[in-house]
2 protein chains.
Amino acid sequence: MSVTAPLGFRAAGVAAGLKDGGQRDLALIVNDGPSRAAAGVFTRNRVKAAPVLWSEQVLRAGRVHAVVLNSGGANACTGSDGFQDTHQTAEKAADVLGDSAAEIAVCSTGLIGERLPMDRLLPGVAAAAGELSRDGGLAAADAIRTTDTVAKIAFRRAAGGYTVGGMAKGAGMLAPALATMLCVITTDAEAEPETLDRVLRHATGLTFDRLDTDGCMSTNDTVLLLASGATGVRADEAELTAAVTDVCADLARQLLIDAEGATKAIAIEVVGAANDHDAVVAGRAVARSNLLKCAIHGEDPNWGRVLSAVGTTEAVFEPDRLNVAINGVWVCRNGSFGDDRSKVDMRPRDVTITVDLSAGTHSATIHTTDLTADYVHENSAYSS
Amino acid sequence: MSVTAPLGFRAAGVAAGLKDGGQRDLALIVNDGPSRAAAGVFTRNRVKAAPVLWSEQVLRAGRVHAVVLNSGGANACTGSDGFQDTHQTAEKAADVLGDSAAEIAVCSTGLIGERLPMDRLLPGVAAAAGELSRDGGLAAADAIRTTDTVAKIAFRRAAGGYTVGGMAKGAGMLAPALATMLCVITTDAEAEPETLDRVLRHATGLTFDRLDTDGCMSTNDTVLLLASGATGVRADEAELTAAVTDVCADLARQLLIDAEGATKAIAIEVVGAANDHDAVVAGRAVARSNLLKCAIHGEDPNWGRVLSAVGTTEAVFEPDRLNVAINGVWVCRNGSFGDDRSKVDMRPRDVTITVDLSAGTHSATIHTTDLTADYVHENSAYSS
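Chain A is annotated in an unreviewed UniProt entry as Arginine biosynthesis bifunctional protein ArgJ of Actinoallomurus iriomotensis. Word for word, the UniProt comment on chain A under Function (unreviewed entry) is "Catalyzes two activities which are involved in the cyclic version of arginine biosynthesis: the synthesis of N-acetylglutamate from glutamate and acetyl-CoA as the acetyl donor, and of ornithine by transacetylation between N(2)-acetylornithine and glutamate." Among the UniProt annotations of chain A, the heading Subcellular location (unreviewed entry) holds the following wording: "Cytoplasm".

Caption draft 1: The arrangement of the packing of aromatic side chains in detail. Tallying each qualifying case throughout the model produces two aromatic pairs over all chains. The lysine or arginine in question, A:Arg46, covers the ring of B:Phe317, its NZ or CZ lying 3.9 Å from the ring centre.

Caption draft 2: Examining the layout of surface pockets more closely. Residues and elements named next belong to chain B. Approximately 490 Å³ is the volume found for the second largest pocket. Gly40, Val41, Phe42, Thr43 and Arg201 are, among the 27 residues lining the second largest pocket, the residues nearest its centre. For the lining of the second largest pocket, the secondary structure elements donating two or more residues are strand E3 (38-42), helix H1 (50-60), helix H5 (193-206) and strand E9 (222-227). Among the elements that line the lining of the second largest pocket, the one with the most residues is H5, at six residues. Counted by class, the lining of the second largest pocket contains 13 nonpolar, six polar and eight charged residues.

Caption draft 3: Layout of the domain arrangement of chain A. Residues and elements named next belong to chain A. Splitting chain A by domain gives domain 1 (2-257) and domain 2 (265-380). Each of domain 1 and domain 2 has a C-alpha centre, and these two points are 33 Å apart. Taken together, the contact between domain 1 and domain 2 spans 14 residues of the former and 17 residues of the latter. Of the roughly 1,300 Å² buried between domain 1 and domain 2, counting both surfaces, carbon and sulfur atoms make up 43%. Its largest share of buried area at the contact with domain 2, domain 1 owes to Arg210, Asp212 and Leu256, together 49% of the area lost on that side. The tally of links from domain 1 across to domain 2 stands at one salt bridge. Linking Arg253 and Asp350 is a salt bridge whose minimum nitrogen-to-oxygen distance equals 3.2 Å.

Caption draft 4: Region of interest: the sheet that holds strand E11 (residues 323-326) of chain B. Residue and element names in this part refer to chain B. The six strands lie next to each other as E13-E12-E11-E14-E10-E15, forming an open sheet whose pairing is mixed. Each edge of the open sheet carries a strand with a single partner, namely strand E13 (336-337) and strand E15 (362-369). In terms of strand pairing, strand E10 (residues 265-273) meets E15 through seven bridges, oriented antiparallel. The residue bridging Ile266 from the neighbouring strand is Thr368, located in E15. Where helix H6 (residues 237-257) meets the sheet, it contacts E10, strand E14 (350-356) and E15, and its direction lies at approximately 40° from that of E15. Along the sheet, helix H9 (residues 303-310) makes contact with E11, strand E12 (329-333), E13 and E14, crossing E11 at roughly 135°.

Caption draft 5: Examining the relation of the copies chain A and chain B more closely. Least-squares fitting of chain A to chain B yields an RMSD of 0.0 Å, with the transformation described by 0.0 Å of translation along the axis and a rotation of 180°. On this basis, the relationship between the two copies can be described by a two-fold rotation axis. Minimal C-alpha distance to the rotation axis in chain A is attained by A:Ala373, lying at 2.2 Å. In this assembly the copies share their binding face: 100% of the residues contributing to the interface of chain A also contribute to that of chain B.

Caption draft 6: Structural view of the environment of B:Asp350. All names here are of chain B. Relative to the helices and strands, Asp350 is located in strand E14. Note on Asp350: relative accessible area 38%, which makes it partly exposed. On a C-alpha basis, the gap between Asp350 and Ala282 in space is 20 Å, while along the polypeptide they are 68 residues apart. When near neighbours in sequence (up to four residues on either side) are disregarded, Asp350 contacts Arg253, Ala265 and Asn327.

Caption draft 7: Looking closely at unusual backbone geometry. All names here are of chain A. A cis amide bond, omega 20°, links Gly33 with the succeeding residue Pro34. Considering the arrangement of structural elements, one finds Pro34 in the loop between strand E2 (26-31) and strand E3 (38-42). You will see that Asn75, though not glycine, has its phi angle at about 50°, which is positive. Here Asn75 shows up in the loop between strand E4 (66-70) and helix H2 (79-97). With relative accessibility at 0%, the residue Asn75 sits in the buried group. With a phi angle near 45°, Asn327 is a residue other than glycine that sits in the positive phi range. Mapped onto the elements of the fold, Asn327 is located in the loop between strand E11 (323-326) and strand E12 (329-333).

Caption draft 8: Geometry of the nonpolar core. In terms of nonpolar packing, the biggest core is built from 87 residues, with A:Leu69, A:Met167, B:Ile326, B:Ile353 and B:Leu357 touching the most fellow members. Per element, the largest residue contribution to this core is six residues, and it comes from helix H3 (residues 118-131) of chain A. A:Ile296, A:Phe317, B:Ala12 and B:Leu28 belong to the second-largest nonpolar core, a separate cluster that totals 86 residues.

Caption draft 9: Up close: the sheet that holds strand E1 (residues 9-14) of chain A. Residues and elements named next belong to chain A. Strand order in the open sheet formed by four strands is E1-E2-E4-E5, and the pairing between neighbours is mixed. Of all the strands in the sheet, just E1 and strand E5 (104-108) have a single pairing partner and so form its edges. Across the sheet, the mean angle separating the axes of adjacent strands is 10° when strand polarity is ignored. Taken strand by strand, H2 contacts E2, E4 and E5, and its axis lies near 130° from that of E5.

Caption draft 10: Structural context of the pairing of E3(B). Residues and elements named next belong to chain B. Of all the five residues making up E3, five are buried; the element is thus mostly covered by neighbouring parts of the structure. In this sheet, E9 lies alongside E3 in antiparallel orientation, the contact comprising five bridges. Across the sheet, Gly40 pairs through a bridge with Leu224, a residue of E9.

Caption draft 11: Quick peek at the side chain of A:Lys19. Residue and element names in this part refer to chain A. Residue placement: Lys19 occurs in the loop between E1 and E2. No salt bridge is formed by the buried Lys19. Its closest oppositely charged neighbour is Asp25, at 6.5 Å. Looking at Lys19, its side chain comes within polar contact range of the side chain of Ser71, at 3.4 Å. Here Lys19 is in contact with Arg24, Asp25, Ser71, Gly72, Ala143 and Arg145, once residues within four sequence places are set aside.

Caption draft 12: Quick look at the pattern of salt bridges. Residue and element names in this part refer to chain B. All told, the structure shown has 42 salt bridges over all chains when counted by the stated rule. As a salt-bridge pair, Glu103 and Arg36 come within 2.9 Å of each other at their nearest N and O atoms. Taken together, the residues Glu103 in the loop between helix H2 (79-97) and strand E5 (104-108) and Arg36 in the loop between strand E2 (26-31) and E3 connect sequence positions 67 residues apart. For Glu103, a relative accessible area of 16% translates into the label buried. In this structure, Arg341 engages Asp300 in a salt bridge whose closest nitrogen and oxygen atoms are separated by 3.0 Å. Linking Arg341 in the loop between E13 and E14 with Asp300 in the loop between helix H8 (290-297) and H9, this pair joins segments that are 41 residues apart in sequence.

Rules and cut-offs
Residues numbered from 1 in each chain as written. Chains lettered and ligands numbered in written order. Predicted model: local features only at pLDDT ≥ 70, side-chain atom pairs only at ≥ 80, totals over all residues. Heavy atoms only, no water. UniProt positions renumbered as here; feature names shortened; annotations may be inferred. Phe/Tyr/Trp six-rings, centres within 6.5 Å; stacked < 30°, edge-to-face > 60°. Lys NZ or Arg CZ within 6 Å of the ring centre and 35° of its normal. 1 Å grid on protein atoms, 1.4 Å probe; cavity = no way out; pocket = protein on both sides within 12 Å on 5 of 7 lines; lining within 4 Å. Points joined across faces, edges and corners; volume = space filled by probe spheres on them. Helix = DSSP H or I, 4+ residues; strand = E, 2+ residues; numbered from the N terminus. Nonpolar A, V, L, I, M, F, W, Y, C, P; charged D, E, K, R; others polar. Domains from an automatic or database assignment. Contact = heavy atoms within 4.5 Å. Buried area = accessible area lost by both parts, 1.4 Å probe. Salt bridge = Lys/Arg side-chain N within 4 Å of Asp/Glu carboxyl O. Pairing = 2+ DSSP bridges. Axes fitted to C-alpha atoms, helices over the stretch in contact; angles between N-to-C directions. Least-squares fit on C-alpha atoms with pLDDT ≥ 70 in both. Buried < 20%, exposed > 50% of the residue type's maximum accessible area, 1.4 Å probe, protein only. Core = buried A, V, L, I, M, F, W, Y, C linked by side-chain atoms within 4.5 Å. Lys, Arg positive; Asp, Glu negative; His and termini not counted. Polar contact = N/O pair within 3.5 Å; in protein donor to acceptor, adjacent residues only side chain to side chain.

Below is the structure:
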């Protein structure tokens, strides 16, 4: 399970003292090869944390030997000193692994704007190196949790004879409180960095990129894909893409269910779009409507709030040809009221909102959650 | 006070039975001239309510004799039948005023997706016509309230010898629950429709357009400016612009303070922008961050959430040159931590967040509120 399900990977999760209370807060994942091929996708936020700036450089060469991840501090908005801290973290990992820092990726999550306690973090890296094992995947997943109530792990065995494993943290595309989603995917298939890059962009485009719990974009989001090639199996790209997408979808679903304060998992299916872009844009607009998210929390099938969100976009549609179904009941037809809204059963945790733009044949599904008083509470009490 | 402060206007507010409980729910404002020059700005939502589609047509000719406004129903997403209802409302007002419907504007606010009860609304129009008076401005302002806890009215006397009055409803640029801001401004100055149009666009651009309580855009937003010319004073455009902007700013402030569930009035001042557009875009991104709005609710001067919101925009800036002050304390300097955040007094209701993009000399202020459990409660319980 987790990142150590595939051959060629060891991992550890230790308590370095970055978080109060003695929980695990530092993870180390090592790729023992023979291959070190890797790819990464990072936040599109222009305010990027130091570990994002560092790991983007590392990934440019397409090779990763190890990943150091910490919770208890995002190391974002910490200036050049913060960047030095990340560099030093990579150097420390390189030291204990007998390698160069150029192939060590670093990920951090926690509060923005505070330096990391390097006097505790660096010994933590050494301690993690001492505990590396083939069974360490769960401990590593546990160490990157922030407000996550559970560790998120997944794996798939591909028919081609290799495995894809993964771990993630965060309560949405961006964890509402800690503003970060981190994810590491591993495989023991053999693949070139360029292939891994295509595979990862496809997989994240259909999964994590379509998860939007609160519309905020993190400074630290990082998703890495590492291939050890330990099985000696050369992956068929389509099969690897399917397996990695599957693992990402599994982890994305876990993030969604664990989103802070959420009581509903909402799927916004946009159909009848002129193109994929329109479908995603319309779905995202609906997913970002606080009004709609409050209504769903109140089990109110308020389709007017769906239409008013779609109406803010440039997607191709005619207002009087929009149709909306909530949990299968077409409550809005041709831009006006349709079937009786009292027929909608809003009690299940899963709510599906189908928006038919009547403008083509393309579709996309965006996942979000309801907006609750608990979300407000968690995020207003966070750093105090 | 209100829309009847200027000469040449009569108004009334009556209970037509659109709302339960016998509150006022229908307003009529009549311009007795001699001029009927008028201008309007409307929601940019592509899903427009029937009264918006109607009133946009009316305003194209630049003349308005009367405005019928109702709460208790938005008449949005009601198809061609809904448009007929609006048309019939205008015809009824024209009838009782002995005029043509072509110069009758109509505004509605309330739940989307339901037909208005025309059997009560039309007699209400007749009743309102019977109660029209020079003192009716406050009753009219009262009749358009939805979740507004108070009627919102304002007026200014211009040095040029004329008056500008106004009324508004809504709890933000878009009332969170009822998704509508309605506003009527009147003046007894004399001005061409083209002048009024420029004046109104300038005034709303600097006031209502910079108010953003929940990022949602209404299907019904309407702001009208009517000039009776009853003083015979030909308005100097600059002076009229200043007076109308003043009245709009006053009303916008009242909307902000009354926003649903809000406990804080947050001003986001963006300075050092390369141009006005960048300043507005950056300010709006901050105003729409649920995470930041929760933090302010918790009296947490969380500048990291300000930076991560600014980082999602295309505004010109370098991340390591961003500065942020909260209530006057520069907690972020050069993209990193600055003065001690414990120095920030977060207790006052008014919170000012200053964002210095260090990229130029332009500035803009966006107004928003905090995100609270009460907001969630009001908007999850609304139509149930």
